[in-house]
Amino acid sequence: VYIRKHPLEIPPPSEKDWLKDDEEDFFLQDPDRKRDALPQPFRMINKLVMLVFENAMEIIERREMLREAQKLKVQPTKCFPTAEFQVTGRANCLAVSGKYIFVGLSVGLSAFKVSDCKEVCAWDAVKMEICAIHALDLGNECHVLLAVDEMGLVWLFCFHKESFVLIKILNEVEDISRRSTCVEVVLSPGGDYAGVLLQGNTKAWLEIYRLPKDSWLKEMEKSPGAAAGLACRERRSSWTSVGDIFLLQESPVSANKADAKLSLPVLLLKVKPPKPITGSSFKSPLDALKKVDDDSMLGLGYNHLIKDSQWEQQEAIFRSTYRDYLEAEGERESKEEIPRHATFHFLLPSWILQVGPEMKVQPGVPAGISVHWDGSHNFCLYLLNRPLKEKVDSDPKPDVVWPCAAPIACSAVSSCSRYLALACEDATITIWDKHLGYPLSVTAILEERLIRSIYFL
């Protein structure tokens, strides 16, 4: 028996059996292209092209993933116009009231039906450009409109049975130098009152009008013939031979030849911005109390005992104490200017706006207005159920005043007219329940933010 003396070992490979560097991945190569190796610079071009294709595939896959994720989300409903109507001139604004759409144009007013978008009436007596329009349905096919033109004039219209009736230009004056421009107009719910904020050359004020809508309805019913031919110009349709274009042609009937007259609105209030608080002229606290008893309102800050000398002394102490800070920031003289803009709301009767037993309160009719001017701490409330006077008080005192800790930045009233929101410049928001008369919540935004507008959803 032959026995091997040494164990069986695998012999080491010889040098001729070693794999070359370019043959290590020979099993990945195409057998047909085994001998077709690209020379430089074609190999680098090939790598760059393959890199571009790989990046393109990654982008395509990423976009497909985003497209699939978008399909899983709730898509908003896309709305497309169902009808269109042509107007004369340029359309600047519109308002919807009942079954009509009122459009403010560069040449006047037009009324269209909501159902078929056909023009039923137009008013262009003076070729004015309407920049803003507010409309409200009064019932019995009667609508009230407030239109503001490019000159800031406020036009009061009554639209009855597809006819415009011009009632009055609220801020029209004979002297052009005393003309005032309208900043904002508001119609109260129900159309009983209208508020117009006006600005002159150096001052601003708020005018509140009582609209005799019941008298308008009665007068329209008594003279239907005169109202039918008022400010509505007749139109007839004609089809052109090219393109089937529908044209509207005017008739010589003009609005200024109308002979029907309606009751004019009554100026109820003329609210001016608060005057700057100056030094007191009272010699004793008793004089200040007598002034309060003389039908003056608490909360405005006018009936105080601080002299001008005391304020000057306090200002001098403040400047001497913080002189370094004032010089670093740059000292600027701050002149107290009269505010020129106000925010106002019509309010229904509530605990915070109580009326006397001698005043009749109708459900759904505003009993007062709330006004606050820019930069003012006071939130003023005025009653609207006042007896009519021959001459309106030039500076009426508010019936209720709410002093706030900071200037009021903005305010809002809920659609149900129960809740009132006040936002001050110190980023504090207070929600009031007007029916109960107390605040529901007070929210302070910690970050230094300036609240510019607030709304109820």
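Residues numbered from 1 in each chain as written. Predicted model: local features only at pLDDT ≥ 70, side-chain atom pairs only at ≥ 80, totals over all residues. Heavy atoms only, no water.

- Where an unreviewed UniProt entry is consulted, the protein chain appears under the name WD repeat-containing protein 93, with the organism given as Eudyptes chrysocome.

1. A look at the overall build of the protein chain
Right, so step 1: Helix and strand counts for the protein chain come out as six helices and 22 strands.
Right, so step 2: Classification of the 457 residues of the protein chain by burial places 33% in the buried group.
Right, so step 3: In the protein chain, 51% of the contacts between residues at least 6 apart in sequence involve partners at least 24 apart.
Right, so step 4: If you sum the accessible surface of the protein chain, you get close to 31400 Å²; carbon and sulfur atoms cover 55% of it. (Helix = DSSP H or I, 4+ residues; strand = E, 2+ residues; numbered from the N terminus. Buried < 20%, exposed > 50% of the residue type's maximum accessible area, 1.4 Å probe, protein only. Contact = heavy atoms within 4.5 Å. Areas by Shrake-Rupley, 256 points an atom, 1.4 Å probe, with all protein chains shown as cover.)

2. Details of a positive patch on the surface
Right, so step 1: A cluster of basic side chains, namely Arg178, Lys203, Lys272, Lys275 and Lys397, defines a positive patch on the protein surface.
Right, so step 2: Structurally, arginine 178 is set in the loop between β8 (164–169) and β9 (181–187).
Right, so step 3: By relative accessible area, arginine 178 is classed as exposed at 65%. (Patch = residues over 30% accessible without salt bridge, like charges linked within 9 Å, V, L, I, M, F, W, Y side chains within 5 Å. Salt bridge = Lys/Arg side-chain N within 4 Å of Asp/Glu carboxyl O. Lys, Arg positive; Asp, Glu negative; His and termini not counted. Charge placed at Lys NZ, Arg CZ, Asp CG, Glu CD.)

3. So, helix α2 (residues 213–222)
Right, so step 1: Within α2, burial applies to Lys213, Trp216, Leu217 and Met220. Within α2, the buried residues cover an arc of 100° as seen down the axis, which keeps them to one side. Of the exposed residues in α2, those oriented more than 90 degrees away from the buried face are Asp214, Lys218 and Lys222. (Arc of directions from axis to C-beta.)

4. Considering the pairing of strand β6 (residues 142–149)
Right, so step 1: Across the eight residues of β6, eight count as buried, placing the element largely inside the fold.
Right, so step 2: Burial of the side chains of β6 extends over both faces: Cys142, Val144, Leu146 and Val148 are buried on one face and His143, Leu145, Ala147 and Asp149 on the other.
Right, so step 3: Here strand β5 (residues 130–139) pairs with β6 via eight bridges, running antiparallel. Bridging across to β6, aspartate 137 finds its partner in histidine 143.
Right, so step 4: In this structure, the hairpin formed by β5 and β6 is closed by a connection of two residues, where asparagine 140 is found at a positive phi of approximately 60°.
Right, so step 5: Across seven bridges, the pairing between β6 and strand β7 (residues 154–160) is antiparallel. (Pairing = 2+ DSSP bridges.)

5. Here we look at the sheet that holds strand β1 (residues 91–97)
In a beta sheet, neighbouring strands are held together by backbone hydrogen bonds and run either parallel or antiparallel to one another.
Right, so step 1: Spatially, four strands are ordered β1-β2-β3-β4 in an open sheet, and the strand pairing comes out antiparallel. Edge positions in the sheet fall to β1 and β4 (119–123), since each has one partner strand and no second. Across the sheet, the axes of successive neighbouring strands diverge by a mean angle of 20°, strand direction being ignored.
Right, so step 2: Across six bridges, β1 lies against strand β2 (residues 100–105) in antiparallel orientation. Following the sheet pairing, serine 97 is matched in β2 by tyrosine 100. (Axes fitted to C-alpha atoms, helices over the stretch in contact; angles between N-to-C directions.)

6. A word on unusual backbone geometry
Right, so step 1: The phi angle at cysteine 117 is positive, at roughly 60°, despite the residue not being glycine.
Right, so step 2: Examined against the element boundaries, cysteine 117 turns out to sit in the loop between β3 (108–113) and β4.
Right, so step 3: Backbone geometry at lysine 161 places phi at a positive 50°, although glycine is not the residue there.
Right, so step 4: Along the chain, lysine 161 falls in the loop between β7 and β8.
Right, so step 5: Judged by relative accessible area, lysine 161 falls into the partly exposed class, the value being 43%.

7. Structural notes on the nonpolar core
Right, so step 1: Judged by nonpolar contacts, the single largest core of 24 residues is most densely connected at Leu146, Val154, Leu156, Val196, Leu211 and Trp216.
Right, so step 2: When residues of this core are traced back to their parent elements, those giving at least two are β6, β7, β8, β9, β10 (193–199), β11 (204–210) and α2.
Right, so step 3: Looking at this core element by element, the count peaks at four residues for β6.
Right, so step 4: Ignoring anything within four residues of it in the chain, the contact list for leucine 211 reads Val144, Leu156, Leu187, Gly191, Asp192, Tyr193, Ala194, Trp216 and Pro265. (Core = buried A, V, L, I, M, F, W, Y, C linked by side-chain atoms within 4.5 Å.)

8. Examining the sheet that holds strand β21 (residues 428–433)
Right, so step 1: Strands sit in the order β19-β20-β21-β22 across an open sheet of four strands; the sheet is antiparallel. Across the chains shown, the open sheet's two edge strands, defined by having one partner strand only, are β19 (408–413) and β22 (438–444). When strand polarity is set aside, the average angle formed by the axes of neighbouring strands in this sheet is 15°.
Right, so step 2: In the sheet, β21 pairs with β22 via six bridges, with the strands oriented antiparallel.

9. Topic: a negative patch on the surface
Right, so step 1: On the surface, Glu54, Glu58, Glu61, Glu64 and Glu68 cluster together to form a negatively charged patch.
Right, so step 2: Counting through the fold element by element, glutamate 54 comes out in helix α1 (residues 42–72).
Right, so step 3: When its relative accessible area of 48% is taken as the criterion, glutamate 54 is described as partly exposed.

10. Some words on the environment of leucine 264
Right, so step 1: Positionally, leucine 264 belongs in the loop between β13 (246–250) and β14 (266–271).
Right, so step 2: A C-alpha to C-alpha distance of 9.3 Å links leucine 264 and tryptophan 216, two positions 48 residues apart in sequence.
Right, so step 3: In this structure, leucine 264 is in contact with Ile167, Lys168 and Pro212, ignoring residues within four places of it in sequence.

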